[in-house]
Structure formats: C-alpha cells, structure tokens
Amino acid sequence: MNEFNLLQERWVPCRRSGTYTEESLRTVLCEAHEIDEICHPVPTVVIGIMRLLIALFQRVHGPEDDEEWKALYSNGKVSAQEVNRYLDKWRDRFWLFHEQYPFYQCAELSKQLESSRLEEIPLARLTPMMAAGNNPTLFDHTYDTSHLTMTPAEAALYLAGLQACATGGTLSYLKGVEPEKARYSNAAPLARGAVVILRGVNLYQTLVLNAIPRTPDQIQMFEAIDHDAPAWEQSGPVKPLRRPPKGHLDYLTWQSRRVLLAYRKGDHGLQVTGASVMAGWSLPDGASQTQFETMMGFVKDRKDSWSPIYFREGRSVWRDSEAFMAVNAKGSSAPRTIRHLARVSRDSSVTDTHRYAADILGCETDQHKVEFWRRDRLIIDTRYLTSGILLDELRAAIDTAERTAECLRGAIFAYLEVVTNKVESEQKGQDHRLLSAEFVYWSTLDLLFSAILLKLPDTLTNGTLSGANLEKYRRQWQQTIRQATIGAFDRILTRRALAGRQLAAYVKARAALTGCLRKLNPE
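1. Observations concerning the state of the cysteines
Two cysteines form a disulfide when their sulfur atoms are joined by a covalent bond.
Phase 1 of the analysis: Taken as a whole and assessed by the stated rule, the structure comprises one disulfide.
Phase 2 of the analysis: Disulfide pairing is shown between C407 and C516; the S-S distance is 1.9 Å. Disulfide C407-C516: the torsion about the S-S bond is -65°, which places it as left-handed. Here C516 lies in helix 17 (residues 500-520) and C407 lies in helix 13 (residues 388-419), a separation of 109 residues in the sequence.

2. Quick word on the sheet that holds strand 3 (residues 19-23)
Phase 1 of the analysis: Taken in spatial order, the three strands make up an open sheet running 3-2-4, and their pairing is antiparallel. The two strands at the open ends of the sheet, each matched to only one other strand, are strand 3 and strand 4 (37-38).
Phase 2 of the analysis: Here two bridges tie strand 2 (residues 12-16) to strand 4, and the two strands are oriented antiparallel to one another. Directly across from R15, in strand 4, lies its bridge partner E37.

3. Brief notes about the pairing of strand 10 (residues 269-279)
For a regular strand, side-chain orientation follows a simple rule: the groups alternate between the two sheet faces.
Phase 1 of the analysis: Most of strand 10 is tucked away: nine of the 11 residues are buried.
Phase 2 of the analysis: In the sheet, strand 9 (residues 257-266) pairs with strand 10 via 10 bridges, with the strands oriented antiparallel. In the strand pairing of strand 10, A262 is matched with G274.
Phase 3 of the analysis: Hairpin connection from strand 9 to strand 10: two residues lie between these consecutive antiparallel strands.

4. Observations concerning the packing of aromatic side chains
Phase 1 of the analysis: Tallied over the entire structure, the rule returns 14 aromatic pairs.
Phase 2 of the analysis: For the pair Y441 and W442, a centre-to-centre distance of 4.9 Å together with 70° between the ring planes defines the contact as edge-to-face.
Phase 3 of the analysis: Of the residues examined, Y441 reaches a relative accessible area of 0% and is grouped as buried.
Phase 4 of the analysis: Through successive ring pairs, a cluster of aromatic residues spans W318, Y441, W442, F449 and W477.
Phase 5 of the analysis: Positioned over the ring face of W281 is R243, at 4.4 Å from the centre of the ring.
Phase 6 of the analysis: Here R312 stacks its cationic end above the ring of Y310, 5.7 Å away from the centre of that ring.

5. Looking at the packing of helix 13 against helix 15 (residues 432-455)
Phase 1 of the analysis: Two elements in contact, helix 13 and helix 15, have axes separated by 10 Å at closest approach and are oriented at 160°. In terms of orientation, helix 13 lies roughly antiparallel with respect to helix 15. Seen from above, helix 13 lies across helix 15 with right-handed handedness.
Phase 2 of the analysis: Considering only residue class, the contact of helix 13 with helix 15 consists of 17 nonpolar, one polar and four charged.

6. Looking at unusual backbone geometry
Phase 1 of the analysis: Here G62 and P63 are connected by a cis peptide whose omega angle stands at 5°.
Phase 2 of the analysis: By secondary structure assignment, the location of P63 is in the loop between helix 2 (43-61) and helix 3 (66-75).
Phase 3 of the analysis: Of note in this structure, S17 is not a glycine but carries a positive phi near 50°.
Phase 4 of the analysis: Mapped onto the elements, S17 comes out in the loop between strand 2 and strand 3.
Phase 5 of the analysis: Owing to a relative accessible area of 68%, S17 belongs among the exposed residues under this scheme.
Phase 6 of the analysis: Despite not being glycine, Y104 has its phi angle at roughly 55°, a positive value.
Phase 7 of the analysis: Within the secondary structure layout, Y104 lies in the loop between strand 5 (95-97) and helix 5 (109-114).

So, how was this worked out
Residues numbered from 1 in each chain as written. Predicted model: local features only at pLDDT ≥ 70, side-chain atom pairs only at ≥ 80, totals over all residues. Heavy atoms only, no water. Disulfide = S-S within 2.5 Å. Helix = DSSP H or I, 4+ residues; strand = E, 2+ residues; numbered from the N terminus. Pairing = 2+ DSSP bridges. Buried < 20%, exposed > 50% of the residue type's maximum accessible area, 1.4 Å probe, protein only. Phe/Tyr/Trp six-rings, centres within 6.5 Å; stacked < 30°, edge-to-face > 60°. Lys NZ or Arg CZ within 6 Å of the ring centre and 35° of its normal. Axes fitted to C-alpha atoms, helices over the stretch in contact; angles between N-to-C directions. Parallel < 35°, antiparallel > 145°, perpendicular 65-115°, else oblique. Left-handed = near helix turned anticlockwise from the far one by under 90°. Nonpolar A, V, L, I, M, F, W, Y, C, P; charged D, E, K, R; others polar.

These figures capture arrangement, not role.
In structure tokens form, the structure reads like this:
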C-alpha cells in the first residue's frame with residue numbers, strides 16, 4: 001500500500017516571511033520565491049533537504065551553461081508549469097512507503113525482514129543527536145531499547161540527512177547472502193566536512209546560487225554523465241559496492257545506505273516504528289571528493305592530498321574564511337559554487353550586490369561517532385573572489401590573529417610554569433586558565449572580525465588598495481587584536497586577588513605578553 005506522498009504532504013520545514021511552516025516538496029519548489037529558507041535545528045537534515053531540492057531544481061531547469069544560469073537568476077521564480085510536469089511524471093517515486101519504490105529506501109529489504117535475515121534497529125540511530133548506537137550521550141538519554149516512534153514527516157527529514165551525512169561503521173548485513181565485509185560501511189560523502197550553502201534573498205535565489213552549470217571539467221570527471229539521474233529515477237537496486245557517480249544529480253542524491261522504514265497505523269495516523277539500515281553505495285578506492293563535490297572547500301594536507309575543510313571544536317569558521325574564498329590558490333580550493341559565483345559576479349548586469357551570505361554547516365565525527373555539529377554564517381564579498389591582493393590582505397589579517405594567539409598562549413604558559421607543580425605543569429596544555437583565555441580571546445574577535453571582513457573591500461580602488469584607508473584598517477585591526485589579547489589575559493588571571501608567587505608570576509607573564517605583542521606589531 002502506498003502511503004505519505006512527499007509531493008503533497010506537508011513535511012519540509014520552512015520559514016516564510018519570518019514565520020515557521022511546513023510545506024510539501026511541490027509547494028516548496030513552486031513557491032520558492034516566497035520562502036525565506038529551509039530551517040531545522042539539525043544541520044545534517046538541512047544539508048539533506050537542500051541537496052534534494054537542488055537536484056530537483058537542476059533536473060527541471062538545468063542550467064547547462066552560464067547564459068542559462070544568468071537567465072534563471074534574473075527570472076526570480078521557477079516555471080511552475082515545468083516543475084509540475086516533471087513532478088507529475090515521477091509522482092509514484094515520491095511515496096515514503098511504497099511496495100516497489102519507497103523514497104530514498106530499498107524495497108528489496110522487505111523480503112529479508114520476512115525471512116528473518118535482517119533485524120530492525122531503533123529509530124534513534126537515524127538521528128545524530130540521540131544517544132543510541134555509536135552516538136555519545138550528551139544532553140539526550142535515549143537508549144537502543146527506547147521505544148521511539150516518529151511521524152512520517154520526521155522520518156523523511158532524518159532519512160534525507162542520513163543518506164547525505166551518515167557516519168561509517170558496522171551495520172547489519174544479509175548473512176548467508178552477502179559476504180561479511182558488507183557489514184562495514186563507509187561514511188556518506190558529507191559526513192565530515194563543512195558544507196557551504198550560498199544564500200540568496202529567498203529560497204529560489206538560494207537554489208540558483210547552488211545549482212551551478214556543468215563545466216567541461218565536470219563533464220570529464222563523470223564517466224557516465226549521459227546516464228546521470230537522481231536517485232528516484234534510477235530503477236536498479238542499491239548495493240554495498242564501490243562505484244563512481246554517474247553525474248552531479250546522482251551524487252547530490254547519493255544513496256550511501258540501504259534503508260527500509262517500518263510503520264504502523266494507529267489512532268493518531270501513521271507512525272514510523274523502526275528501520276533497517278545497511279551499507280549502500282560508496283566511492284571507489286582512491287577517488288577524491290574534489291572530483292565530484294560542489295559544496296565543500298578543500299585544502300592540501302601534509303601528504304599533499306586534498307582534504308575537506310572541516311569544523312574544529314572551539315574554532316570559528318571565519319578563521320578559515322580565506323580558504324573558502326580562495327578561488328585561485330595552490331594550497332586550497334574554494335567550493336565550486338563559490339568559484340562559479342566569482343565567474344558570474346564579473347558581469348555587473350547579473351548580480352546586483354557584492355555580498356552574499358553563506359551558511360557553513362555540518363558535523364565532526366570521531367570513531368564513527370558524531371562529536372558535535374555546527375551551523376555558522378559567513379559573508380562572501382565577491383570582491384575577495386576576484387582580487388588576489390584583497391584576499392592576500394585578508395589572509396594576513398587572519399595570520400596576525402593566529403600569531404597573536406600564540407603570544408597569549410605563551411604568556412599563560414609562563415604564568416603556569418611558576419604557579420603549578422611538576423605534575424600539573426605537564427598538563428598545562430589542558431589547564432582551564434589557558435583554555436578559558438583562548439576562548440575569551442577568540443570570542444572577542446568573533447564579534448569584531450565581521451566588521452573588518454566587510455570594511456576591507458571598500459579600500460579597493462581601481463584594482464589596488466588605497467594607502468590611507470588600508471593603513472587605517474590595519475591599525476584598527478592591530479589595536480583590536482591587542483586589546484582582545486590583553487583583555488583575555490587579565491580577565492582570566494585577575495578574577496581573584498593575586499598575592500605572593502601568583503602575583504610575581506602574573507607580572508612576569510604580562511611583561512612577556514606585551515613584549516611579544518610589540519615584536520609582532522611594532523608601534
């Protein structure tokens with residue numbers, strides 16, 4: 001029996017004119033120009049839904065090249081006629097519960113469940129925030145034995161997030177049918193890394209900004225691009241095998257897991273009660289995400305291999321802003337969406353602003369566990385994308401902040417060397433005073449860097465940086481950093497009255513701090 005069609009049921013969480021609402025997929029696409037954004041507290045869900053919407057948008061509207069992209073950007077809304085024609089054609093592939101084609105699931109697993117070759121797992125394991133399976137216990141106290149149920153709308157959201165961001169590890173497999181190695185699953189493409197979603201004034205513009213045309217290098221990297229199709233158009237079963245994506249649409253809707261949701265009808269309607277989850281597609285050995293991914297930035301690691309820019313606990317995303325905007329750098333690579341924005345922004349008749357917001361979201365994993373997730377926002381000024389000297393100045397500003405942080409760290413170390421005993425001294429790298437001082441320092445700069453990021457491009461005149469304005473900006477940033485450093489040092493070490501050895505240590509460490517600052521920025 002077919003139940004809960006995603007094209008007509010309300011399940012996608014949106015914000016319209018500042019008000020929260022839930023809409024069907026059809027409504028979200030046809031009325032994207034009236035919707036502010038997709039909103040959900042779990043970043044992996046937002047990623048999964050946005051990838052789904054971008055794939056739908058590109059399947060209907062392309063674009064094939066920059067000229068088509070510019071036309072879409074100027075149109076301001078989708079062609080409802082074309083969208084509805086496409087969705088009507090594929091309507092039967094959007095049932096969440098369907099005997100043959102359940103959405104983002106694998107109907108073949110139902111036979112294995114009937115033969116008891118496969119077990120259902122608790123629904124909590126579909127979500128990154130509940131303490132079940134490998135997930136750590138943080139604020140949630142769900143257990144694998146908890147009888148959690150979900151509405152179909154909730155299950156659909158977490159299903160989309162799972163396919164895009166599932167962590168690796170051991171899962172169920174079909175004993176006697178599949179080799180034992182089939183139980184070991186690789187992480188989904190976006191399980192670890194900072195995903196960049198460029199934002200427009202509404203959801204339609206957001207979709208256009210992230211739906212970039214196929215470039216010659218993209219066409220070359222996908223071996224079967226003529227057969228590219230999103231997951232719901234593909235008829236073959238998902239298998240626990242390695243294969244390259246057929247194309248960008250296949251990769252956007254990549255089925256990293258074979259899933260089958262279990263449900264029942266109750267007094268309150270449909271309730272999802274459990275799920276079977278097994279390994280699905282994974283990329284070939286040696287394949288790099290840089291070949292396929294459009295929404296992530298990458299940097300060269302120590303082995304000269306490309307690694308995605310990822311979140312680090314306690315590190316704000318602005319500290320990596322230069323890497324996200326490095327369109328032509330050798331050691332880093334901006335997301336393809338941002339590189340495309342750099343290309344089209346040179347045409348002033350297309351874009352009417354220099355500044356775009358970018359949501360940076362994702363999670364950080366360790367040992368197949370989600371350690372934390374984040375959602376930050378970064379302002380992308382297109383002048384950074386087209387001016388090497390402007391980006392160099394931004395890089396220098398961030399580098400100054402990083403080197404000054406080392407001065408602060410060294411001063412706190414100098415203080416701890418005096419006031420702690422030998423055993424405590426060996427652990428000073430984790431001392432709460434050091435960690436607190438660094439937190440205060442970077443938190444202070446978080447509030448001030450955005451202003452610097454926005455002001456710096458205004459010093460650019462005819463392709464060069466204006467001397468007087470540039471010097472003013474540099475002095476302001478140096479003063480800001482100096483005040484943040486000394487403020488963090490004093491705030492942490494003078495919260496209590498100092499006397500004796502502590503006072504002597506403080507005076508010595510503060511002198512070392514001011515000396516270090518003077519060397520970095522001679523006045």
